[in-house]
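For reference, the chains in residue letters:
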Amino acid sequence: MAAVATLETAAPTGALWGLVHDFVMGQQEGPADQVAADVKSGSYTVLQVVEALGSSLENPEPRTRARGIQLLSQVLLQCHSLLLEKEVVHLILFYENRLKDHHLVIPSVLQGLRALSLCVALPPGLAVSVLKAIFQEVHVQSLPQVDRHTVYSIITNFMQTREEELKGLGADFTFGFIQVMDGEKDPRNLLVAFRIVHDLISRDYSLGPFVEELFEVTSCYFPIDFTPPPNDPYGIQREDLILSLRAVLASTPRFAEFLLPLLIEKVDSEILSAKLDSLQTLNACCAGYGQKELKDFLPSLWSSIRREVFQTASERVEAEGLAALHSLTACLSRSVLRADAEDLLDSFLSNILQDCRHHLCEPDMKLVWPSAKLLQAAAGASARACDHITSNVLPLLLEQFHKHSQSNQRRTILEMILGFLKLQQKWSYEDKDQRPLSGFKDQLCSLVFMALTDPSTQLQLVGIHTLTVLGAQPDLLSSGDLELAVGHLYRLSFLEEDSQSCRVAALEASGILATLYPAAFSSHLVPRLAEELRTGESDLTKGDGPTKCSRHLRCMQALSAVSTHPSIVKETLPLLLQHLWQVNKGNMVAQSSEVIAVCQSLQQVAEKCQQDPESCWYFHQTAIPCLLALAVQASMPGRPLRAEAAGCTAYGLCLLPPSKWQQLDEFLQLAVDKVEAGLGSGPYRSQAFTLLLWVTKALVLRYHPLSSCLTARLMGLLSDPELGPAAADGFSLLMSDCTDVLTRAGHAEVRIMFRQRFFTDNVPALVQGFHAAPQDVKPNYLKGLSHVLNRLPKPVLLPELPTLLSLLLEALSCPDCIVQLSTLSCLQPLLLEAPQVMSLHIDTLVTKFLNLSSSPSMAVRIAALQCMHALTRLPTPVLLPYKPQVIRALAKPLDDKKRLVRKEAVSARGEWFLLGSPGS
């Protein structure tokens, strides 16, 4: 008290005395916040509060003193930013002195020190003074959890703002914290304590002679064994503690001599979680360790990892063991060696090879895969490790491939070889003669070609993948190898259906290798495919289609698969377009399947061309005009319009660059004229309508001026007896996103607000048309309107809801299930987002939803019940009059024959039962 009494202060007011008395003697909590608020407003100063507390702070009763200090501390926690340096000094001296007081006082003292540790006006030296006092006077682990947490908070605050001062304490600060933390058990406190230890190490505080003590005080929790209690309000998970502790243990190589024996012990235990945690921690440690830290423990570490991979029944432990081996090898690879130093990497890899390679030669091949996984985990860590292991293992595997005659054994060996080849792709070599695979090139190629001709499909598959990886190695395949490879891929691309997987893999490999070796594929594959295509055209013209069609389609798939390089695209694209012209002449068998197949191939070429600007431009220049011309020709009188042609037309319209917009306008006028002619009486009305729909969509997406004209034409068809229902469904297409064409990924021009603009421009006309339409046509208008509204962003729809809701409700009476379902889908979110507007129509909504819950369509029944559920979000007073009626009506769908309907009925009826009950 003497420390603060030296400050001059005005006498406390009567009101302050009253508040202090109510808090200290009256045991009321509210006055503390009031005093703090008054200090913030300037009514009192902190020292006036101290003066008012004078008798309480000097009271002989510990509980009274504690209560007085508690009030002061709570005020400081809210007002510490207002304190002046002079005030902070005397308050800290006061609080430090009170650390010697009765144990009942200590929690409130610590709260005050926590508040002062946040002060910006804290003078130099006082942080050290406070911590010394806490280390000397307080036995932290005898305090309750919340008070221990307060001590950790004080330390954390000072470490964030007074780092250099604390470092001036040297190792004494580390030792003091060790005493504070020793024996901590609460997970909330441990998370903070682990963070403090990590900061001690990572921010280079002095550990002095206390490295082992600091390790012991943290490692005693390893491995973490914590299960959060049910309904834990703090949300601390076991994984949080594991990661925090792991960060500490792996933060310094100075822990290595203590930690590595602990990890080995836990890996060798029988507890699965301990094994996993130890291997993961070893993995983390290797990022900061060097050869010095690992040297004495390498044999034991390797022995433990090897045993876990060879014998474990857990895939997770095996994976973590392999990851740890990878990290150990990478750590040894990083170390810079002195001329006279032992190369631990070579000796470590030699031990791995010694323990694993003999398993590769065992006749029963029992431990082949575990051995291969260990070798590959080490080989993948560095170029040095990869060279060392690959040069020792490859000759052995090549020999074993020839020793084994069964296809499944050969497949296993080739898969292992493939694994090592993939690892070689990670490293680059300036000198091709240094590449480890150079010496095995001929043997590898011979082995792969043997696999590609083997009767086993599985071995062929591995052979295809191996060929792809070999081809990715620079300068490894000679021109002769490439010619053979292309020949095999050509053959495999035309396999029968029972080898579908090989055919798909061969096409994929062709695409990858064609990118790397375009000349080889242009010379040896494209001419053969072109001849195959011409032969197929001749066969189809003669009527031999059914026997030749499959091979013919595969030819087109192969052409599109290899179109991965500009030079190849310039050969394959004309072939496909020329074939499309031939098909369009109409003198071939199975024309529909041919058109679809060639369009699919062109689409695949277009997707591949997007990866290269030169190919993309060539595709635009070559394919788009051709597709547009074909679409126009297909729309001529006497020629059937195909949906594929319409799709190609719309695709081309949206992709045309600005340089072709004049051509676009000319074509559009021609297309509109042809559509109008086709929509007249005749056999091709539906095809003309399809073309109209797709062209309209393309123009709507890009805000083209002609879109309004075409939309109006489409709207006029709603009254057409033949095309009316299709026109109504067409509004769904106009408002929806496509996944294959007319997408931004395909460089189509898609305006982000096209739905909103379409709504503004066309919904009034739809509503007007509905009112003017004959009764038998009204459902078409309702269906079109529901499609538009269902895909409209809700923020746009909500302001228009009052004027449109009556139409939506009328749409529920439409006999068309699609209209009902679309309308219900539109109404459900509106019940949640516009409850006030929807409440005005509650009687109609309840009646129609309940009627539709008995619809013949299961989808409609489900949607209606979901809407009944959503109705419970409307204001309760509006709903209560309908509660008995709804509960009775919803009993019927509880017995529905479809489980999904019953599920929705239970959910909806349950919410209506709870309606108006307390707490609902």
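For the structure itself, consult the block above.
Helix and strand counts for the chain stand at 50 helices and zero strands. Each of the 920 residues in the chain was classed as buried or not, and the buried ones make up 55%. For the chain, the share of sequence-separated contacts (at least 6 apart) that also reach a separation of at least 24 residues comes to 73%. Carbon and sulfur atoms form 53% of the exposed surface of the chain, whose accessible area is close to 40200 Å².

What follows deals with the pattern of salt bridges. This structure, assessed with the given rule, holds 25 salt bridges. A salt bridge links Arg203 to Asp199, with the nearest nitrogen and oxygen atoms 4.0 Å apart. Relative accessible area serves as the criterion here: at 29%, Arg203 is assigned to the partly exposed category. Where salt bridges share partners, they join Glu163, Lys167, Asp199 and Arg203 into one cluster.

With that settled, consider the environment of Asp38. Inspection of the secondary structure puts Asp38 in helix 3 (residues 30-41). Residue Asp38 is classed as buried on the basis of its relative accessible area, which comes to 14%. In this structure, the C-alpha to C-alpha distance between Asp38 and Val75, residues 37 residues apart in sequence, is 9.8 Å. For Asp38, the contacting residues outside a window of four places in its chain are Leu19, Ser43 and Tyr44.

In this structure, Ile155, Phe173, Met181, Ile417, Phe849, Leu871 and Trp912 are the most contacted members of the largest nonpolar core, which totals 316 residues. Here this core gets eleven residues from one element, more than from any other, and that element is helix 37 (residues 685-701). For Phe849, the contacting residues outside a window of four places in its chain are Leu812, Leu824, Leu827, Leu831, Ala864, Cys867, Met868 and Leu871.

Turning our attention to the packing of helix 14 (residues 211-219) against helix 15 (residues 238-249). One can describe the packing of helix 14 onto helix 15 by two numbers: an axis separation of 11 Å at closest approach and a directional angle of 165°. One element, helix 14, and the other, helix 15, form an angle in the roughly antiparallel class. Handedness of the crossing formed by helix 14 with helix 15: left-handed. Across the interface between the two elements, Phe215, Thr218 and Ser219 of helix 14 pack against Leu245, Val248 and Leu249 of helix 15. Each residue belonging to the contact of helix 14 with helix 15 can be placed in one class, and the counts come to four nonpolar, two polar and no charged.

Right, let's talk about the environment of Leu116 for a bit. Position of Leu116 among the secondary structure elements: in helix 8 (residues 106-116). Judged by relative accessible area, which is 1%, Leu116 ranks as buried. For the pair Leu116 and Val130, spaced 14 residues apart in the sequence, the C-alpha separation amounts to 9.8 Å. If we ignore the near neighbours within four places in the chain, the residues touching Leu116 are Leu76, Leu83, Leu91, Ile92, Tyr95 and Leu122.

Time to look at a negative patch on the surface. Residues Glu212, Glu213, Glu216 and Glu257 make up a contiguous surface patch of negative charge. Note that Glu212 resides in helix 14.

Turning our eyes to something else, we now look at the side chain of Asn157. Note that Asn157 resides in helix 10 (residues 145-161). The buried category is assigned to Asn157, whose relative accessible area is 13%.

As a further point, take helix 21 (residues 344-356). Its 13 residues place the ends of helix 21 18 Å apart at the C-alpha level, agreeing with the 18 Å of an ideal helix rising 1.5 Å per residue. If you check which residues of helix 21 are buried, you get Leu344, Leu345, Phe348, Leu349, Ile352, Leu353, Asp355 and Cys356. Check the buried side of helix 21 and you find it contacts helix 18 (291-294), helix 19 (298-311), helix 20 (315-334), helix 22 (368-379) and helix 23 (383-403). With a side-chain oxygen lying 3.2 Å from the backbone nitrogen of Leu345, the N-terminal cap of helix 21 falls on Asp343.

Summed over all chains, the structure comprises ten aromatic pairs. Here the aromatic residues Phe135, Phe173 and Tyr205 are joined through ring pairs into a cluster of three or more. Over the ring of Phe23 we find Arg67, and its NZ or CZ is 3.9 Å from the ring centre. Above the ring of Tyr490, the side-chain terminus of Arg528 is found at 4.1 Å from the ring centroid.

Attention now goes to the packing of helix 17 (residues 272-285) against helix 20. To describe two helices that pack against each other, one gives the angle between their axes and the distance between the axes. Helix 20 packs onto helix 17 with a crossing angle of 20° between their chain directions and a minimal axis gap of 8 Å. By the angle between their directions, the pair helix 17 and helix 20 is classed as roughly parallel. Taken as a pair, helix 17 and helix 20 cross one another with a handedness that is left-handed. Across from Leu272, Lys275, Leu276, Leu279, Gln280, Leu282 and Asn283 in helix 17, the residues of helix 20 making contact are Arg316, Val317, Glu320, Gly321, Ala323, Ala324, Ser327 and Leu328.

Let's shift gears to the side chain of Thr823. Turning to its location among the elements, Thr823 is positioned in helix 44 (residues 817-833). Assessed through its relative accessible area of 0%, Thr823 is described here as buried. Ignoring anything within four residues of it in the chain, the contact list for Thr823 reads Ser786, Leu808, Ala811 and Leu812.

A few words on unusual backbone geometry. Negative phi values dominate among residues other than glycine, just as trans dominates among peptide bonds. Here the bond from Phe222 into Pro223 is cis, since omega is -10°, no more than 30 degrees from zero. Tracing the backbone through its elements, the reader meets Pro223 in the loop between helix 14 and helix 15. Positive phi, close to 65°, is recorded for Asp204, a residue that is not glycine. Looking at where Asp204 falls in the secondary structure, it is placed in the loop between helix 13 (187-202) and helix 14. For Asp475, which is not glycine, the phi dihedral falls at a positive 60°. Within the fold, Asp475 resides in the loop between helix 26 (457-472) and helix 27 (479-492).

With 16 residues, helix 13 should cover 22 Å at 1.5 Å per step; its first-to-last C-alpha distance of 22 Å lies within 8% of that length. Helix 13 sits mainly inside the fold: twelve of its 16 residues count as buried. Within helix 13 the residues assigned to the buried category are Pro187, Asn189, Leu190, Leu191, Val192, Ala193, Phe194, Ile196, Val197, Asp199, Leu200 and Ile201. Packing partners of the buried residues in helix 13 comprise helix 10, helix 12 (171-181), helix 14 and helix 15. If you check the start of helix 13, you find a side-chain oxygen 2.9 Å away from the backbone N of Arg188, and it comes from Asp186.

The rules we used
Residues numbered from 1 in each chain as written. Predicted model: local features only at pLDDT ≥ 70, side-chain atom pairs only at ≥ 80, totals over all residues. Heavy atoms only, no water. Helix = DSSP H or I, 4+ residues; strand = E, 2+ residues; numbered from the N terminus. Buried < 20%, exposed > 50% of the residue type's maximum accessible area, 1.4 Å probe, protein only. Contact = heavy atoms within 4.5 Å. Areas by Shrake-Rupley, 256 points an atom, 1.4 Å probe, with all protein chains shown as cover. Salt bridge = Lys/Arg side-chain N within 4 Å of Asp/Glu carboxyl O. Core = buried A, V, L, I, M, F, W, Y, C linked by side-chain atoms within 4.5 Å. Axes fitted to C-alpha atoms, helices over the stretch in contact; angles between N-to-C directions. Parallel < 35°, antiparallel > 145°, perpendicular 65-115°, else oblique. Left-handed = near helix turned anticlockwise from the far one by under 90°. Nonpolar A, V, L, I, M, F, W, Y, C, P; charged D, E, K, R; others polar. Patch = residues over 30% accessible without salt bridge, like charges linked within 9 Å, V, L, I, M, F, W, Y side chains within 5 Å. Lys, Arg positive; Asp, Glu negative; His and termini not counted. Charge placed at Lys NZ, Arg CZ, Asp CG, Glu CD. Expected span 1.5 Å × (residues − 1). Polar contact = N/O pair within 3.5 Å; in protein donor to acceptor, adjacent residues only side chain to side chain. Phe/Tyr/Trp six-rings, centres within 6.5 Å; stacked < 30°, edge-to-face > 60°. Lys NZ or Arg CZ within 6 Å of the ring centre and 35° of its normal.

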